Amino acid sequence: MAKRVDSQCNTFQRAIAVLGRSWNALILNVLQEGPLRFSELSQRAKGPGDKVLSARLKDLEARGLLVRLVEGGPPVRVTYELTRSGRTFRDLAQAIERWGQELMVEAKPRRR
């Protein structure tokens, strides 16, 4: 039997807090492909505006899920890259996708 997940524990709540913020999961998923500059990330994310994207990147950096790398210029180049913890999101994203597929099957109207 699978171990029961304690949804009240701090670790579970911390993960939910990250995923509960709009766009965080999308950003973590897009960065799975590798480091990206802000403009590339914005283009691939196709959703959050620049102001929101910038705020979410700062939040994810503060949580230790990505790092902001600055290369001296001119021009100065800034890239965003996932940390080890950020890269582990891949397994969760795959599990969420499987769950979503199950939800789609359940949501199909049944014929009578």
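Going by the structure above, here's the rest.
Residues numbered from 1 in each chain as written. Predicted model: local features only at pLDDT ≥ 70, side-chain atom pairs only at ≥ 80, totals over all residues. Heavy atoms only, no water.

Asker: Could you give an account of the pattern of salt bridges, naming the residues involved and the relevant values?
Answerer: For the coordinates displayed, the defined rule picks out three salt bridges. For the salt bridge of D59 with R21, the shortest nitrogen-to-oxygen distance reads 3.9 Å. On the criterion of sequence distance, the pair formed by D59 in helix α4 (residues 50–62) and R21 in the loop between α1 (10–20) and α2 (24–30) is long-range, its members being 38 residues apart. A relative accessible area of 16% places D59 in the buried class. Looking at R21, the relative accessible area reads 34%, which means it is partly exposed. Close ionic contact of E33 with R44 constitutes a salt bridge, the shortest N to O distance being 3.0 Å. Note that E33 is positioned in the loop between α2 and β1 (36–37) and R44 in helix α3 (residues 38–45), a separation of 11 residues in sequence. Its relative accessible area of 41% is what places R44 among the partly exposed residues. When salt bridges with common partners are traced through the structure, they connect R21, D59 and R63 into a single cluster. (Salt bridge = Lys/Arg side-chain N within 4 Å of Asp/Glu carboxyl O. Helix = DSSP H or I, 4+ residues; strand = E, 2+ residues; numbered from the N terminus. Buried < 20%, exposed > 50% of the residue type's maximum accessible area, 1.4 Å probe, protein only.)

Asker: Tell me about the sheet that holds strand β2 (residues 66–71), residues and numbers included.
Answerer: Strand pairing in a sheet relies on backbone hydrogen bonds, with the paired strands running either antiparallel or parallel. Taken in spatial order, the three strands of this open sheet run β1-β3-β2, and their pairing is antiparallel. Strand pairing shows two members of the sheet lacking a second neighbour, β1 and β2, which therefore form its edges. Alignment of β2 against strand β3 (residues 77–82), held across six bridges, turns out to be antiparallel. Residue pairing for β3: R68 is matched across the bridge by Y80. (Pairing = 2+ DSSP bridges.)

Asker: I'd like to hear about the environment of V78, residue by residue, with values.
Answerer: With respect to the helices and strands, the residue V78 is situated in strand β3. Under the relative-accessibility criterion, V78 is labelled buried at 19%. Each C-alpha atom, one on V78 and one on L36, is 8.5 Å from the other, the two residues being 42 residues apart in sequence. Ignoring anything within four residues of it in the chain, the contact list for V78 reads L36, R37, F38, R68, L69 and V70. (Contact = heavy atoms within 4.5 Å.)

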